[in-house]
Amino acid sequence: MRVCLVYDCLYPWTIGGAERWYRQMAEAHAAAGHSVTYLTMRQWDPGEEPALPGVDVKAVGPRMALYADGRRRIAPPLAFGLGVLWHLLRHGRRYDVVHTASFPFFSLLAAGLVRPLHGFRIAVDWHEVWTRAYWRQYLGKLGVAGWAVQALCARVPQIGFSFSRLHKVRAEALGVRTVTLLEGEYAGGVIAPQATASRPFVLYTGRMIPEKRVPLLVDALALLMRGDEQLHAELIGRGPELKAVRQLIAFHGLEERIALPGFVDAAHLAERQSTAAVLVQPSEREGYGMVVVESAARGVPVVVIAGEDNAAVELVDEGENGFVAGSADAVELAAAIGKALASGEALRTRTRQWFAINQDRLSFAGSFQRIQARLQQR
């Protein structure tokens, strides 16, 4: 099979769940003996071109900053969409399948325009489907255009996939026929358990952008730390919210107890992920929730917040591998974190057991098998 993967980012030049997903899929297709081309935007310096075994990486767009103030810029997706269109017009006959993310939308629309000319099939991962209300919240008046383009993408003839029940239902409601649920993105195995750090700490890892709601976590930590002088926290990551987070920590007088190391190397991150008492992901919007699975593999429970756009709650079984705060309220979030802390080693043991039971379902290998099966159907 001749496969063309389309995504504007490539791991590890950019880091995120989707980036890792497409990198893993490219390597898995190549290992299965398929011909693989990966279309992306240029993210590397001259002379440092990616070398993925069995994968032909092609930059069809220039190097551009993807984000401004924590939000996706419109120019890079347009440039990438045009690059994908030009490549497929010239080379689309080479491919049996073009597999892309639904977002950024213009590359999917480009594939849809060229498909009748060259006859390839299109596979689409619906990582997220935003509601009209969320589009308005995110883009203001321009949200109407975002919703319309998203709906147009659903009309492209495609083999649909989604990573959560929430977004599977939304994609099908938008008009995509028969979306296959893929619950697994984790390519690792069980990680040897480590004892919690001598001083218990709460961990956050991720970009500091508005929808991640890190300031809310700081307020919740402030409430908990009033009654627990031993508790510390480490908030790993950077982004446009970092300055506000730092100021809020200072306001609460917690500079010595809440660390902000920025981005860290893989070894430091792995150590902190393994020894945290609990990992908190306060995001209002998640298409999957890889952090829940990665933490469970280490026996570390997770706290998330319930919300209509947060699919990560599907991966948390209350009291088994973490807790779900009922709303974006500092008191409720502090209570959920407090329950996880109070449950101690017993909850870590249940978390490891939860992962052992769900490991196959949540594995990348299982999802890749389902993709292969769908692509072989006619």
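For the structure itself, consult the block above.
Each value, and the rule that gives it
- Residues numbered from 1 in each chain as written.
- Predicted model: local features only at pLDDT ≥ 70, side-chain atom pairs only at ≥ 80, totals over all residues.
- Heavy atoms only, no water.
- Phe/Tyr/Trp six-rings, centres within 6.5 Å; stacked < 30°, edge-to-face > 60°.
- Helix = DSSP H or I, 4+ residues; strand = E, 2+ residues; numbered from the N terminus.
- Buried < 20%, exposed > 50% of the residue type's maximum accessible area, 1.4 Å probe, protein only.
- Lys NZ or Arg CZ within 6 Å of the ring centre and 35° of its normal.
- 1 Å grid on protein atoms, 1.4 Å probe; cavity = no way out; pocket = protein on both sides within 12 Å on 5 of 7 lines; lining within 4 Å.
- Points joined across faces, edges and corners; volume = space filled by probe spheres on them.
- Nonpolar A, V, L, I, M, F, W, Y, C, P; charged D, E, K, R; others polar.

Here we come to the packing of aromatic side chains. We describe a pair of aromatic rings using the distance from one ring centre to the other and the angle between the two ring planes. Applying the stated criterion across every chain, the model contains 13 aromatic pairs. Between Y7 and Y22 the ring centres are 5.0 Å apart and the planes differ by 25°, which places this aromatic pair in the stacked class. You can see Y7 sitting in the loop between β1 (2-6) and α1 (17-31) and its partner Y22 sitting in helix α1, a full 15 residues away along the chain. Owing to a relative accessible area of 7%, Y7 belongs among the buried residues under this scheme. Given a relative accessible area of 0%, Y22 falls into the buried group. Note on Y186 and F355: the rings are 5.7 Å apart at their centroids and 85° apart in plane angle, and the pair reads as edge-to-face. With Y186 in the loop between β9 (180-181) and β10 (201-205) and F355 in helix α11 (residues 330-358), this residue pair connects regions lying 169 residues apart in the sequence. Given a relative accessible area of 9%, Y186 falls into the buried group. Using a relative accessible area of 1% as the deciding quantity, one classes F355 as buried. Linked through ring pairs, F103, F105, W130, Y134, W135 and Y138 together constitute an aromatic cluster. One cation-aromatic arrangement involves R272 over F201; the distance from NZ or CZ to the ring centre is 3.9 Å.

This part covers empty space enclosed by the protein. The full count for this structure, using the stated rule, is one cavity of 30 Å³ or more. Put simply, the largest cavity is a space of about 60 Å³. As for the largest cavity, its lining consists of F163, S164, R165, E183, Y288, A311, E314, L315, R361 and L362. Looking at the lining of the largest cavity residue by residue, the classes come out as five nonpolar, one polar and four charged.

By themselves, these are just geometric observations and shouldn't be taken as functional.
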